[in-house]
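What follows is each chain in one-letter form.
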Amino acid sequence: MKKLFLLFLVLLTCVVSYGQEVSSVTRFLGIPIDGTKAEMISKLKDKGFTSVPGTDGMLEGEFNGKDVYVIVQTNNRKVWRIAVMDKNKCDEAQIKINFNNLCSQFENNSKYFSFGDQTIPENENINYEMIVNNKRYEASFYQKLNVEGDSTNGISNRLVWFMINDNYGEYSISLFYENRYNMANGEDL
């Protein structure tokens with residue numbers, strides 16, 4: 001009886017620990033960024049994304065009102081990042097508006113926090129800054145959880161960030177939802 005009780009206690013501890021680990025990772029569309037690539041792709045397809053023919057797991061669909069591509073990135077067969085990229089390119093004036101709107105959306109969403117204003121000033125010449133000064137336009141936010149004991153270290157592992165991509169004067173935004181618990185830390189070196 002003691003052995004059975006101890007076995008039950010060990011199993012219960014494992015289940016609770018697993019649940020806390022999964023609940024403490026970054027989420028994309030409510031899906032924990034964890035597990036295998038195949039599992040994640042299946043869950044994203046359940047959310048309405050479809051496979052892009054001729055690619056290795058790239059998906060397409062709509063996210064935050066835009067047509068996007070989605071790529072699931074792994075490390076040691078575990079998902080560590082979801083990359084979301086605009087399908088459509090735009091000009092410099094529009095990308096500044098899109099970037100600043102995205103900053104505002106994150107700032108006004110109670111699930112995220114950041115360390116200050118990350119918007120682009122209206123008079124900034126993005127094209128010049130990117131070409132001449134090699135400036136990268138990016139913004140970082142951290143996903144909060146409603147979990148008691150959510151530590152700063154835990155929050156730093158739930159990074160959501162985005163950046164402007166330049167392709168010869170045509171611009172787009174890429175967003176990255178990261179579970180840094182699963183990212184490479186030099187263990188394969």
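The notes below deal with the structure included here.

The rules behind these values
- Each chain carries its own residue numbering, running from 1 in the written order of its sequence.
- Totals for whole chains, interfaces and linings use all residues, but because this is a predicted model, local features are given only for residues with pLDDT of at least 70 and pairs of side-chain atoms are given and counted only at 80 or more.
- The side-chain quantities take in all heavy atoms of the structure and omit both hydrogens and water.
- Think of it this way: any DSSP run of H or I at least four residues long counts as a helix, any run of E at least two long counts as a strand, and we number them from the N terminus.
- Working rule for helices: expected span equals 1.5 Å times residues minus one.
- Here the term buried applies to any residue with accessible area under 20% of the maximum for its type, exposed to any over 50%, and partly exposed to those in between, with areas from a 1.4 Å probe on protein chains only.
- Here a polar contact means two N or O atoms within 3.5 Å. Within protein one must be a hydrogen donor candidate and the other an acceptor candidate, and residues neighboring in sequence count only if both atoms are side-chain atoms.
- Think of it this way: DSSP has to see at least two bridges between two strands before they count as a pair.
- Arc definition: directions from the helix axis to the C-beta atoms.
- We call two residues contacting when some pair of their heavy atoms lies within 4.5 Å.
- Note on terminology: a nonpolar core comprises buried Ala, Val, Leu, Ile, Met, Phe, Trp, Tyr and Cys residues joined through side-chain atoms within 4.5 Å.
- Here, a salt bridge means any side-chain nitrogen of Lys or Arg that lies within 4 Å of a carboxyl oxygen of Asp or Glu.

A few words on helix H3 (residues 92-107). Across its 16 residues, H3 extends 23 Å between first and last C-alpha, which sits within 8% of the 22 Å expected from 1.5 Å per residue. Of the positions making up H3, those classed as buried are Ile95, Lys96, Asn98, Phe99, Asn100, Leu102, Cys103 and Phe106. Residue Asp91 occupies the N-cap position of H3, its side-chain oxygen lying 3.3 Å from the main-chain nitrogen of Ala93.

For the rest of this paragraph, the subject is the pairing of strand E9 (residues 159-167). With 5 bridges connecting them, strand E8 (residues 138-143) and E9 associate as antiparallel partners. Across the sheet, the residue bridging to Phe141 is Val160, located in E9. In this structure, E9 lies alongside strand E10 (residues 170-178), joined through 8 bridges in antiparallel fashion. By the bridge assignment, Asn167 is partnered in E10 with Glu170.

All right, on to helix H2 (residues 37-46) then. What H2 keeps buried is the set Met40, Ile41 and Leu44. Buried residues of H2, seen end-on, are gathered within an arc of 100° and therefore sit on one face of the element. When the buried face of H2 is taken as reference, the exposed residues oriented beyond 90 degrees from it are Ala38 and Asp46. For H2, the secondary structure elements touched by its buried residues are strand E1 (27-28), strand E2 (31-32), strand E4 (59-63), strand E5 (66-75) and strand E6 (78-86). Positioned one or two residues after H2, Gly48 has a phi angle of 110°, which is positive.

This next bit is on the nonpolar core. Soluble, globular proteins show a tendency: their nonpolar side chains are buried together. Among the nonpolar cores identified, the biggest contains 35 residues, and Ile82, Phe162, Ile164 and Tyr177 are the most heavily contacted of them. The biggest single contributor to this core is H3, with 5 residues. Those residues in contact with Phe162 that lie beyond four places of it in its chain are Phe99, Leu102, Cys103, Phe106, Tyr137, Glu138, Ala139, Phe141, Ile173, Ser174 and Leu175.

Turning our attention to the pattern of salt bridges. Counted under the stated rule, the structure contains 7 salt bridges. When the shortest N-O distance is used, the salt bridge between Asp34 and Lys78 registers 3.8 Å. Of this pair, Asp34 sits in the loop between E2 and H2 while Lys78 sits in strand E6; the two residues are 44 residues apart in sequence, bridging distant segments of the chain. A salt bridge links Arg136 to Glu138; its shortest N-O distance comes to 2.7 Å. Overall, Glu138 belongs to the partly exposed group, its relative accessible area being 36%. Several salt bridges converge on common partners, so that one network encompasses Arg81, Glu178 and Arg180.

Next up on the list: the environment of Met40. Here Met40 lies in helix H2. Setting aside its immediate chain neighbours within four residues, Met40 contacts Ile31, Pro32, Ile33, Asp34, Val72, Val79 and Ile82.

The backbone of Asn64 shows a phi angle near 55°, a positive value even though the residue is not glycine. By the secondary structure assignment, Asn64 is in the loop between E4 and E5. With phi around 55°, Tyr168 is a residue other than glycine that occupies positive phi space. Looking at the secondary structure, you find Tyr168 in the loop between E9 and E10. Residue classification places Tyr168 among the exposed positions, given a relative accessible area of 81%.

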